[in-house]
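Each chain is listed here by its residues.
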Amino acid sequence: MMDSPVARVGVTPAAAALLHKLHAQHGPLVFHQSGGCCDGSTPMCFPRKEFRIGQRDVYLGTIADTPFYIGHQQFEYWKHTHLTIDVVPGRGAGFSLETPEGLRFLTRSRLFNDAEWAALEAAGPPRRGEQPG
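Residues numbered from 1 in each chain as written. Predicted model: local features only at pLDDT ≥ 70, side-chain atom pairs only at ≥ 80, totals over all residues. Heavy atoms only, no water.

Engineer: How should I be thinking about the pattern of salt bridges in this particular structure?
Structural biologist: Scanning the entire structure with this criterion turns up five salt bridges. With a closest N to O distance of 3.1 Å, Glu76 and Lys79 form a salt bridge. Classification of Glu76 by relative accessible area gives partly exposed; the value is 40%. When its relative accessible area of 25% is taken as the criterion, Lys79 is described as partly exposed. Between Glu76 and Arg128 there is a salt bridge, with the nearest N and O atoms lying 3.9 Å from each other. Separated by 52 residues along the polypeptide, Glu76 in helix H2 (residues 72–78) and Arg128 in the segment after helix H3 (114–123) bring together distant segments of the chain. We classify Arg128 as partly exposed; its relative accessible area is 38%. (Salt bridge = Lys/Arg side-chain N within 4 Å of Asp/Glu carboxyl O. Buried < 20%, exposed > 50% of the residue type's maximum accessible area, 1.4 Å probe, protein only. Helix = DSSP H or I, 4+ residues; strand = E, 2+ residues; numbered from the N terminus.)

Engineer: Mind showing me how you'd approach the sheet that holds strand E5 (residues 66–70) here?
Structural biologist: Pairing in this open sheet of four strands is mixed, and the strands run E3-E2-E5-E4 from one edge to the other. One side of each edge strand has no neighbouring strand; the edge strands of this open sheet are strand E3 (43–47) and strand E4 (58–63). Taken pair by pair, the neighbouring strands of this sheet meet at an average axis angle of 25°, ignoring direction. In this structure, strand E2 (residues 29–33) lies alongside E3, joined through five bridges in antiparallel fashion. For Val30, the partnering residue across the bridge sits in E3 and is Phe46. Here helix H1 (residues 13–26) sits on the sheet in contact with E2, E3, E4 and E5, set at roughly 125° to E2. (Pairing = 2+ DSSP bridges. Axes fitted to C-alpha atoms, helices over the stretch in contact; angles between N-to-C directions. Contact = heavy atoms within 4.5 Å.)

Engineer: Whenever I open this one, the nonpolar core confuses me. Can you help?
Structural biologist: Side chains of nonpolar character tend, in soluble globular proteins, to be buried together. Ranked by internal contacts, the top residues of the largest apolar core, which has 21 residues, are Leu19, Phe31, Cys45, Leu60, Phe68, Ile85 and Phe105. Among the secondary structure elements, those contributing two or more residues to this core are H1, E2, E4, E5 and strand E6 (81–89). Residue contributions to this core peak at five residues, all from H1. Every residue in contact with Cys45, bar those within four places of it in the chain, is listed here: Leu19, Leu22, Leu29, Val30, Phe31, Phe95, Ser96, Leu97, Glu98 and Phe105. Val30, Ile53, Tyr59 and Tyr69 belong to the second largest nonpolar core, which has six residues in total. (Core = buried A, V, L, I, M, F, W, Y, C linked by side-chain atoms within 4.5 Å.)

Engineer: Would you mind showing me how to read the pairing of E6 here?
Structural biologist: On a regular strand, each side chain points to the face opposite its neighbour's, so the side chains alternate between the two faces of the sheet. Summarising burial for E6: seven of the nine residues are buried, a large majority. When strand E1 (residues 9–11) meets E6, the two strands line up parallel, connected through three bridges. Residue pairing across strands places Val9 opposite Leu83, the latter belonging to E6. Here E6 pairs with strand E7 (residues 103–111) via nine bridges, running antiparallel. Bridge pairing in E7 places Pro89 opposite Leu103.

Engineer: Hey, could you run me through unusual backbone geometry in this one?
Structural biologist: Where the residue is not glycine, phi is negative for most of them; where a peptide bond is considered, it is trans in most cases. Not every positive phi belongs to a glycine, and Ala64 is a case in point at roughly 45°. One can find Ala64 in the loop between E4 and E5. You will see that Asp65, though not glycine, has its phi angle at about 65°, which is positive. Look at Asp65 and you get exposed, because its relative accessible area is 60%.

Engineer: So what exactly am I meant to see when it comes to the sheet that holds E1 here?
Structural biologist: Strand order in this open sheet of three strands is E1-E6-E7, and the pairing throughout is mixed. Taken across any chain shown, the strands that pair with only one partner, and hence form the sheet edges, are E1 and E7. The sheet shows a mean angle of 25° between the axes of neighbouring strands, taken without regard to direction.

Structure (C-alpha cells):
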C-alpha cells in the first residue's frame with residue numbers, strides 16, 4: 001500500500017482557522033467522522049489524548065495539523081467521495097470542541113472524478129487504526 005497523490009479530505013480556510021484556535025486552547029486534536037446515532041454523521045473534533053481510535057477506523061489524512069479518521073462503516077458509504085470540512089454558525093455536536101464557539105463543523109462532499117478514483121485505486125486501501133504523529 002502506498003499513499004495516493006489524491007487527498008481524501010480537505011478543509012476550508014474558516015474551518016482551518018477554527019482548528020488552529022481550538023489547538024491553541026486544547027492542545028493536539030483529532031477529527032472523527034462517524035455514522036453514529038447521537039449526532040448522526042457529524043464531524044467531531046476532540047483533544048487527541050481523549051479520543052481512542054479504533055483498529056478499523058480509516059485514516060483519511062491530516063487537515064490543519066489534525067489527523068482525520070472515519071468509522072469503517074461510514075467509509076464504505078463515502079469511499080467514492082472527497083470530504084471537505086467546513087464551519088458554519090450554529091450549535092455543534094454535543095461532544096465536539098467547537099460547540100462553545102457558536103459554530104459547528106460540517107462535512108461537504110463531492111464524488112471523485114475518474115482520474116482521482118483511478119489514482120486512489122492504484123494506491124491501494126487507506127490505512128486503518130491509529131497513525132503515528
